[in-house]
Amino acid sequence: MKYTQLGRTGLKVSRLVLGTMNFGPQTDEAGSHAIMDAALDAGINYFDTANVYGWGENKGRTEEIIGNWFAKGGERRDKVVLATKVYGNMAADGDAWPNHDKLSAVNIRRAVDASLKRLQTDYIDVYQFHHVDRRTPFEEIWQAIDVLVQQGKILYVGSSNFPGYKIAQANEIAARRGGTIGLVSEQCLYNLAERRAEMEVIPAAQEYGLGVIPWSPLHGGLLGGVIKKEVEGGRRAGGRAAAALADTAIRAQVQSYEDLLDKHGVEPGETALAWLLTRPGVTGPIVGPRTAEQLDSALRAVELELSEDLLTGLDEIFPGPGPSPEAFAW
């Protein structure tokens, strides 16, 4: 495994981030524990989750699975850089109660304590705002965070799904207040097929020293060899990939992508991850394996070297928006 600093911090994290969203809904506890053990054995030290994972009536279940894994000992907690998120309402669907969601000081305090209990730990390494809260001023948010840092309950703070201007606003207010390091990471939707983050989110993250953590690196499976699987195994695409392939232009684009990779003798999913590892500002993509085999495939991406010819071909098939601000200014 290769490691890098998380943004401008001194924290060293693996170039792959273990996403846990499937733990509970897709993978049972025993299977989830096996994947976490395998990830740790492979050197992945950055684990990402969220308080709402488990979804519906099972919100919080993913954190509980991770907490039970930590409770097994073996220095599991000490070796892991643990990231979780706050924003969503944790009540059962339809039972939402005022002040039990978003980023008010009240909810941040409540949510941290609840996550710590489920995770069976006394601190969170990276506490992330899952979405922008348009109603709560950053002065209030940072005041709540400062208290939690002083209490030792969290160490760093990150954002998720923030536009560039909110990254700037959050860190400028943090700097004016003093005493807080501000945001150190941003999780955003970013992959070969979805490059809008290059317009402003990634430039803002680089300017303010945030590590970029792309989620959905295979774009819902679209970049994982979906057409080849369909032809060879009769396995139909589902979800976001199926909706995208219904567009004939997108299907032709994906076919060109798979044909290019066949020519170079590389696998689609591994290539999509390896491409993200070449991108400026990217700390590491989130991989969310449901099985040990999927984890093995992701691990191979760390060692995959993409030739300049292949990188040029990928840019031709999936052109980015271009440099900022030229891409939107003229």
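See the structure shown above.
The rules behind these values
- Residues numbered from 1 in each chain as written.
- Predicted model: local features only at pLDDT ≥ 70, side-chain atom pairs only at ≥ 80, totals over all residues.
- Heavy atoms only, no water.
- Buried < 20%, exposed > 50% of the residue type's maximum accessible area, 1.4 Å probe, protein only.
- Helix = DSSP H or I, 4+ residues; strand = E, 2+ residues; numbered from the N terminus.
- Contact = heavy atoms within 4.5 Å.
- 1 Å grid on protein atoms, 1.4 Å probe; cavity = no way out; pocket = protein on both sides within 12 Å on 5 of 7 lines; lining within 4 Å.
- Points joined across faces, edges and corners; volume = space filled by probe spheres on them.
- Nonpolar A, V, L, I, M, F, W, Y, C, P; charged D, E, K, R; others polar.
- Phe/Tyr/Trp six-rings, centres within 6.5 Å; stacked < 30°, edge-to-face > 60°.
- Lys NZ or Arg CZ within 6 Å of the ring centre and 35° of its normal.
- Polar contact = N/O pair within 3.5 Å; in protein donor to acceptor, adjacent residues only side chain to side chain.
- Pairing = 2+ DSSP bridges.
- Axes fitted to C-alpha atoms, helices over the stretch in contact; angles between N-to-C directions.
- Parallel < 35°, antiparallel > 145°, perpendicular 65-115°, else oblique.

Some details on helix 11 (residues 268–277)
- For helix 11, the buried fraction is high: 10 of the 10 residues fall into the buried class.
- The complete set of buried residues in helix 11 reads Pro268, Gly269, Glu270, Thr271, Ala272, Leu273, Ala274, Trp275, Leu276 and Leu277.
- Residues of helix 11 that are buried in the fold lie against strand 9 (211–215), helix 10 (248–264), strand 10 (286–287), helix 12 (292–303) and helix 13 (308–317).

Description of the side chain of Asn45
- Mapping Asn45 onto the fold places it in the loop between helix 1 (29–41) and strand 4 (46–48).
- Non-local contacts of Asn45, meaning those with residues more than four positions away in its chain, are made with Tyr3, Lys12, Val13, Ser14, Lys79, Val80 and Val81.

A few points about the layout of surface pockets
- Looking at the largest pocket, its volume works out to about 1,500 Å³.
- Forming the boundary of the largest pocket are 48 residues, of which Leu218, Gly220, Gly221, Gly288 and Arg290 lie nearest the centre.
- Mapped by element, the contributors of at least two residues to the lining of the largest pocket are helix 8 (226–233), helix 9 (239–245), helix 11, strand 10 and helix 12.
- In terms of residue class, the lining of the largest pocket is built from 17 nonpolar, 19 polar and 12 charged.

Quick notes on the environment of Tyr53
- Assignment of secondary structure puts Tyr53 in the loop between strand 4 and helix 2 (61–70).
- Measuring from C-alpha to C-alpha, the distance between Tyr53 and Ile145 comes to 22 Å, with 92 residues separating the pair along the chain.
- Setting aside residues up to four positions removed in sequence, Tyr53 forms contacts with Thr20, Met21, Asp48, Asn58, Lys59, Gly60, Arg61, Thr62, Lys85 and His130.

A closer look at the packing of aromatic side chains
- For the structure shown, the criterion picks out 7 aromatic pairs.
- An aromatic cluster is built from Phe47, Trp69 and Phe70, whose rings are joined through pairwise contacts.
- The ring of Phe70 carries the charged tip of Arg77 above its face, separated from the ring centre by 5.4 Å.
- Just above the ring of Tyr123 sits the side chain of Arg77; from NZ or CZ to the centre is 4.1 Å.

Notes on the environment of Arg177
- The residue Arg177 is located in helix 6 (residues 164–177) in this model.
- For Arg177, a relative accessible area of 33% puts it in the partly exposed group.
- A C-alpha to C-alpha distance of 9.0 Å links Arg177 and Gln143, two positions 34 residues apart in sequence.
- The contact partners of Arg177, leaving out residues within four places of it in the chain, are Glu139, Trp142, Gln143 and Asp146.
- A polar side-chain atom of Arg177 sits 2.7 Å from a polar atom in the side chain of Asp146.

Considerations on the sheet that holds strand 9
- Read across the open sheet, the 8 strands follow the order 9-8-7-6-5-4-3-10; overall the sheet is parallel. Of all strands in the sheet, those bounded by a partner on one side alone are strand 9 and strand 10.
- Strand direction decides the pairing type here: strand 3 (residues 17–19) and strand 4, joined by 3 bridges, are parallel. What sits directly across from Leu18, in strand 4, is Phe47.

What to know about the packing of helix 6 against helix 7 (residues 201–208)
- Orientation of helix 6 relative to helix 7, taken along the N-to-C sense of each, is 20 degrees, at an axis distance of 8 Å. Taken together, the axes of helix 6 and helix 7 lie roughly parallel to each other. For the pair helix 6 and helix 7, the contacting residues are Gly164, Ile167, Ala168, Asn171 and Glu172 in the first and Val201, Ala204 and Tyr208 in the second.

Interpretation in functional terms is not warranted from these geometric data alone.
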